[in-house]
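Topology and contacts: notes
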Amino acid sequence: MREIKNNLTITGKNTKNIQSTKGKMFGYQVLGFGSGGGAKLIAFDFVIAAGGGGTQHVGGGAGGGFRTSFPGGTKLTISSGAAITVGAGGANTGTNGGDSIMAGVDGNFTSSGGGFGKNTIGGPGGSGGGGGNGQPGGTGNAGGFSPSEGNGGGAGDPRTQGGGGGGAGGAGGNAGNNGGNGGSGTTTNITGSGIGFCGGGAGGGHGGQFSNGSPGGSGGGAANSAGTDGLGGGAGGDKQSFPGPSAGGSGRVILRCPAAEGGALSVAPGSNTVTDHPGGDKIATFNVSGTISF
């Protein structure tokens, strides 16, 4: 006997007397129209990299927060039509990077934007920005996640050398005779080849008198250089004698699922992509904010 799907409503003269025919009929559960349908759900492996921090002075901007399930972690279930937000890089006025957010069925899943670098205390964020002028760096893991999404920034030196911005893989270095080194990023091969994300920017300093710190790699900027877009890198601190504030790099979101589940996968807008993993899985890459459908 086939399943009967209806959800008729009988209304009497008294509008409060409303009866639904939804129930059991002929031994079967009669479902409401569309029940069991709804938006399709898929559990994805993911990488969520937030935007890197910008810098206004000698302190290096921090790499954006970095979170992943790959390999072997808990996947995140999302529904078709879900919104994906890719965090922008922090501005060259010394602001934090933007959060990257994925709308899961159990609520939003977020990586925090990287902290700013300045000539004062570094900004807190996914990783912390570098401090300047003898001030401490900012704290990392703003979301309080386990495992941590990032690390703290390095302290500045009183001689106007900046601390390095923290990164997803390590803390920013303290300044000494030179600007502090940016904290290391972290590498994932979720796409089939290694990609480094969320490195901290180098601390800056007196350009004519001292050398400057090294960037943390993985998108972090050298002194007086912007973080790399798409990698969530922190901006490099300015050279004191050659001011030129720098912006952090934008983040990225990557989702991966078996081809059998994601055969009809599509993303919008067109600057985002769907590709095939060498092992047969489907990979959706978000370079800008958008939506995913399947």
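Residues numbered from 1 in each chain as written. Predicted model: local features only at pLDDT ≥ 70, side-chain atom pairs only at ≥ 80, totals over all residues. Heavy atoms only, no water.

It is worth spelling out the overall build of the chain at this point. Secondary structure summary: the chain contains 0 helices and 17 strands in total. Here the chain holds 294 residues, and 47% of them are scored as buried. A sequence separation of at least 24 residues applies to 54% of the contacts in the chain between residues at least 6 apart. (Helix = DSSP H or I, 4+ residues; strand = E, 2+ residues; numbered from the N terminus. Buried < 20%, exposed > 50% of the residue type's maximum accessible area, 1.4 Å probe, protein only. Contact = heavy atoms within 4.5 Å.)

Tallied over the entire structure, the rule returns 3 salt bridges. We note a salt bridge from Asp157 to Arg159, for which the minimum N-O separation is 2.8 Å. With relative accessibility at 38%, the residue Arg159 sits in the partly exposed group. (Salt bridge = Lys/Arg side-chain N within 4 Å of Asp/Glu carboxyl O.)

Before going further, it helps to examine the packing of aromatic side chains. Evaluated as defined, the whole model comprises 3 aromatic pairs. A ring pair is formed by Phe46 and Phe109, whose centres lie 4.9 Å apart and whose planes are at 65°; its orientation type is edge-to-face. Highlighted residues: Phe46 in strand 5 (residues 41-49) and Phe109 in strand 10 (residues 107-111), separated in sequence by 63 residues. No difference in accessibility class separates Phe46 from Phe109, as the two residues are buried. (Phe/Tyr/Trp six-rings, centres within 6.5 Å; stacked < 30°, edge-to-face > 60°.)

The element strand 16 (residues 282-286) is extensively covered by neighbouring structure, given that 5 of its 5 residues are classed as buried. Residue alternation in strand 16 divides its side chains into two sets, Lys282, Ala284 and Phe286 and Ile283 and Thr285, and both sets are buried. As judged from the 5 bridges shared by strand 13 (residues 252-257) and strand 16, these two strands associate in the antiparallel manner. Within strand 16, the residue paired with Arg256 across the bridge is Ile283. In this structure, strand 15 (residues 273-276) lies alongside strand 16, joined through 4 bridges in antiparallel fashion. Paired with Asp276 across the bridge in strand 16 is Lys282. In sequence, strand 15 turns back onto strand 16 through a hairpin of 5 residues, with Gly280 there showing a positive phi of about 110°. (Pairing = 2+ DSSP bridges.)

We now examine the environment of Gly205. Structurally, Gly205 can be placed in the loop between strand 12 (195-197) and strand 13. Sequence separation between Gly205 and Asn177 is 28 residues; the distance between their C-alpha atoms is 9.0 Å.

Residues with a pLDDT of 70 or more make up 84% of the chain, whose mean pLDDT is 86. Ranking the elements of the chain by mean pLDDT puts strand 4 (residues 28-29) last with 32 and strand 6 (residues 66-68) first with 98. Ignoring residues within four places in sequence, the model shows residues 1-36, a span with pLDDT below 50, making 38 contacts including any to other chains. (pLDDT = per-residue confidence, 0-100.)

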